[in-house]
Amino acid sequence: MADIIIKNGYILTMDPSLESIKNGVVVIEDGRITDVCENTEETADTVIDAQGSVVMPGFVNTHTHAGMTLFRGYADDLALSDWLENHIWPAEAELTASDVYAGTRLACLEMIKSGTIAFADMYFFMEEVGKVVEDSGLRAALSYGMIELWDEEKGKAELKKGKAFINEWDGKADGRISAMYGPHAPNTCSKEFLMKVREQATEDNAKIHIHVLETEAELNQMKDQYGMCSVNMLDEIDFFGPDVLAAHCVWLSDGDMDILRNNNVNISHNPVSNMKLASGIAPVTKLLDRGANVCLGTDGCASNNNLGMFEEMKTAALLQKVETMDPMALPARQVLEMATVNGAKALDLNSGMIRKDYNADVIIVDMNKAHLNPLYDVPSHLVYSAGSSDVRTTIVNGRVLMDDYRVLCMDEQKVIDEGRDAAEKLMSRVDAKK
Ligand SMILES: C[C@H]1O[C@@H](n2cnc3c(N)ncnc32)[C@H](O)[C@@H]1O
Ligand SMILES: [Zn+2]
């Protein structure tokens, strides 16, 4: 007997070798998808009726700072350097472990409710993030954000912390958690430090998560400092590889794009954050045309201001169209791939498709809504019409985290209350320092 059978749904497989099924069945056993078909004789402990709904792989959010939910709407409408240096960093200086715990719980609740099954996080107090991920049931690739600021001693301490976190957390929660190195960015970490991180990551067989060429200011700073841009500098020190997840990548030249593609770097596109901070427009269609693996991320809640992947998909599609002045640029199907298949590839997950032997990381999207009718084309609706609150069920590793809008893996109201309380106390400490 199987664990879960989802029946009567429109199965959007995202699997190039298996077309969508209009009225199909997904069978789940031991955390894996064991069958995707039109009909089954199989029985299960749990049978989910997905009538009027789309059954699809859950989203992979490839760039977050989950704990920053506590800064949602805190310092809006500012340029990145002012925002980060004068508002966010001073506030983050007051963060405690329990703040990050509360903020990350709020983030995980929001992600479960909006259909995200895995996220790549870079932040502080990562042990707390690990605990939250372990309990929540989500998957995550976690990294301690190392900010060296050209201070050799600080660099040593940061690398030690990054390594200690990886040693303790990589592979935890039945393999739902992986741990990465998280050097913050080439304009906050020295070349020497980044070389050390690269060496250490190779030795430890750990991946690397980093911000790259997010702003024009970074590009100019790098040119002044090294006579070349971040991508060229990182390439010169052999930093790149398929184990690198580079967030933003806005200010790329054609040559930079070739370097990223040739090194199989995973690129996390964060259009909402890039628009809100007026960082610029990443050359996504050019990267995809080259065959680069481009996935999607929301960035933190202080620059978005939510973790919803539906909104991120729509924004990505619209932004490329207006950037290229081509309405055919980044069509719905391709942006869905970025949010599922490509994200899973970036984090090395056996997820991102509804396919036999893949992880049972499945969401069910309710299409019986005014704003989703009539329905001609499912990918179109998912990208251009649907929203976070249309997700009714979220399953990760075969565990139902949300069942028909009811969150089962945490006490929703308690998580909201504790997040709000933590933010309130944190902000009174921040104000007291002013
Ligand atoms: C891990 C560190 O990254 C910071 N952080 C959050 N958002 C961004 C962004 N868009 N660009 C650069 N750094 C960012 C966090 O505020 C934290 O200090
Ligand atoms: Zn970021």
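Residues numbered from 1 in each chain as written. Chains lettered and ligands numbered in written order. Predicted model: local features only at pLDDT ≥ 70, side-chain atom pairs only at ≥ 80, totals over all residues. Heavy atoms only, no water.

### Some words on the layout of surface pockets
In this structure, the largest pocket occupies an estimated 480 Å³ of space. Elements represented by at least two residues in the lining of the largest pocket include exactly α1 (80-92), β7 (116-123) and α6 (216-226). A total of eight residues in the lining of the largest pocket trace back to one element, the largest contributor, which is α1. Residue classes in the lining of the largest pocket are distributed as 13 nonpolar, 12 polar and five charged. (1 Å grid on protein atoms, 1.4 Å probe; cavity = no way out; pocket = protein on both sides within 12 Å on 5 of 7 lines; lining within 4 Å. Points joined across faces, edges and corners; volume = space filled by probe spheres on them. Helix = DSSP H or I, 4+ residues; strand = E, 2+ residues; numbered from the N terminus. Nonpolar A, V, L, I, M, F, W, Y, C, P; charged D, E, K, R; others polar.)

### Brief notes about the state of the cysteines
Inspection of the entire model under this criterion finds zero disulfides. Between C189, a free cysteine, and C249, which holds the nearest cysteine sulfur, the sulfur-to-sulfur gap is 15 Å. Here C301 stays free of any disulfide, with the sulfur of C108 as its closest cysteine sulfur at 11 Å. Of the residues examined, C301 reaches a relative accessible area of 1% and is grouped as buried. (Disulfide = S-S within 2.5 Å. Buried < 20%, exposed > 50% of the residue type's maximum accessible area, 1.4 Å probe, protein only.)

### Description of the UniProt feature "binding site: Zn(2+)" (unreviewed entry) in the protein
Mapped onto this numbering, the UniProt entry gives "binding site: Zn(2+)" (unreviewed entry) at H63, H65, H211 and D299. Despite a sequence span of 237 residues, these residues sit close together in the fold, their greatest C-alpha distance being 11.8 Å. The subset of these annotated residues that lines the largest pocket comprises H65, H211 and D299. Note on placement: H63 falls in strand β6 (residues 59-64). Using a relative accessible area of 0% as the deciding quantity, one classes H63 as buried. Those residues in contact with H63 that sit more than four places away from it in its chain are A120, H209, H211, A247, H248, S268, N270, L296, G297, T298 and D299. Mapping D299 onto the fold places it in the loop between β13 (293-296) and α11 (309-324). (UniProt positions renumbered as here; feature names shortened; annotations may be inferred. Contact = heavy atoms within 4.5 Å.)

### Quick look at the site of ligand 1
The immediate surroundings of ligand 1 are formed by 16 residues, with W89, E92, H184, E214 and D299 found nearest. One of the side-chain N or O atoms of H65 is found 3.5 Å from a nitrogen atom in ligand 1. Within the side chain of E92, a nitrogen or oxygen atom sits 2.6 Å from an oxygen atom of ligand 1. Burial of ligand 1 by the protein amounts to 99% of the accessible area it has alone, namely 400 Å². Of all the cavities here, the one that holds ligand 1 is the largest pocket. If you tally residues by element for the shell around ligand 1, the top one is α1, at six residues. Residue composition of the shell around ligand 1, by class: nine nonpolar, four polar and three charged. (Near = heavy atom within 4 Å. Polar contact = N/O pair within 3.5 Å; in protein donor to acceptor, adjacent residues only side chain to side chain. Areas by Shrake-Rupley, 256 points an atom, 1.4 Å probe, with all protein chains shown as cover. Sits in = over half its atoms within 2 Å of the grid points.)

### Looking at the UniProt feature "domain: Amidohydrolase-related" (unreviewed entry) in the protein
The feature "domain: Amidohydrolase-related" (unreviewed entry), as given by UniProt, occupies residues 54-400 in the numbering adopted here. With 43% helix and 19% strand, residues 54-400 has its two end C-alpha atoms placed 16 Å apart.

### Let's talk about the coordination of the zinc ion (ligand 2)
Only H63 (NE2), H65 (NE2), H211 (NE2) and D299 (OD) from the protein reach the zinc ion (ligand 2) as donors, at distances of 2.0 to 2.4 Å. Coordination at the zinc ion (ligand 2) comes from four donor atoms whose angles at the metal span 86 to 169°, giving a geometry best classed as irregular. Counting along the primary sequence, the residues that act as donors to the zinc ion (ligand 2) give the motif H-x1-H-x145-H-x87-D. Of this pair, H63 sits in strand β6 while H211 sits in strand β10 (residues 207-212), and the two are 148 residues apart along the sequence. (Donors = N, O, S within 2.8 Å, 3.2 Å for Na, K, Ca; no water. Tetrahedral: all angles 85-135°; square planar, octahedral: opposite > 155°, others 65-115°.)

### Points about the packing of helix α4 (residues 152-169) against helix α5 (residues 191-204)
Axis separation between α4 and α5 bottoms out at 11 Å; the angle between their running directions is 25°. As summarised for this structure, α4 and α5 are arranged roughly parallel, according to the angle between their axes. Every pair of crossing elements has a handedness; the one defined by α4 and α5 is right-handed. From α4, G155, E158, L159 and K163 reach across to α5, where they touch F193, K196, V197, Q200 and D204. Counted by class, the contact of α4 with α5 contains three nonpolar, two polar and four charged residues. (Axes fitted to C-alpha atoms, helices over the stretch in contact; angles between N-to-C directions. Parallel < 35°, antiparallel > 145°, perpendicular 65-115°, else oblique. Left-handed = near helix turned anticlockwise from the far one by under 90°.)

### Structural notes on the domain arrangement of the protein
Parsing the protein into structural domains produces domain 1 (2-57 + 359-407) and domain 2 (59-346). If you average the C-alpha positions of domain 1 and of domain 2, the two centres end up 28 Å apart. Facing 25 residues of domain 1, the contacting portion of domain 2 comprises 29 residues. Roughly 2300 Å² of surface becomes buried between domain 1 and domain 2 when both sides are summed, with 68% attributable to carbon and sulfur atoms. Linking domain 1 with domain 2 are one salt bridge. Across the salt bridge formed by R139 and D361, the nearest N and O atoms sit 2.6 Å from each other. Counting the contacts that link domain 1 with domain 2 gives five residue pairs in polar contact (both at pLDDT 80 or more). Among the secondary structure elements, those contributing two or more residues to the side of domain 1 that touches domain 2 are β5 (53-57), β14 (362-366), α13 (378-384), β15 (391-396) and β16 (399-403). (Domains from an automatic or database assignment. Buried area = accessible area lost by both parts, 1.4 Å probe. Salt bridge = Lys/Arg side-chain N within 4 Å of Asp/Glu carboxyl O.)

### Digging into the sheet that holds strand β12 (residues 266-269)
One open sheet accounts for eight strands, arranged β6-β7-β8-β9-β10-β11-β12-β13; its pairing is parallel. Only two strands of the sheet have a single partner each, and these edge strands are β6 and β13. Shown here is a sheet whose adjacent strand axes are inclined to one another by a mean of 25°, direction ignored. Here seven bridges tie strand β8 (residues 139-146) to strand β9 (residues 177-183), and the two strands are oriented parallel to one another. In the strand pairing of β9, A141 is matched with S178. (Pairing = 2+ DSSP bridges.)

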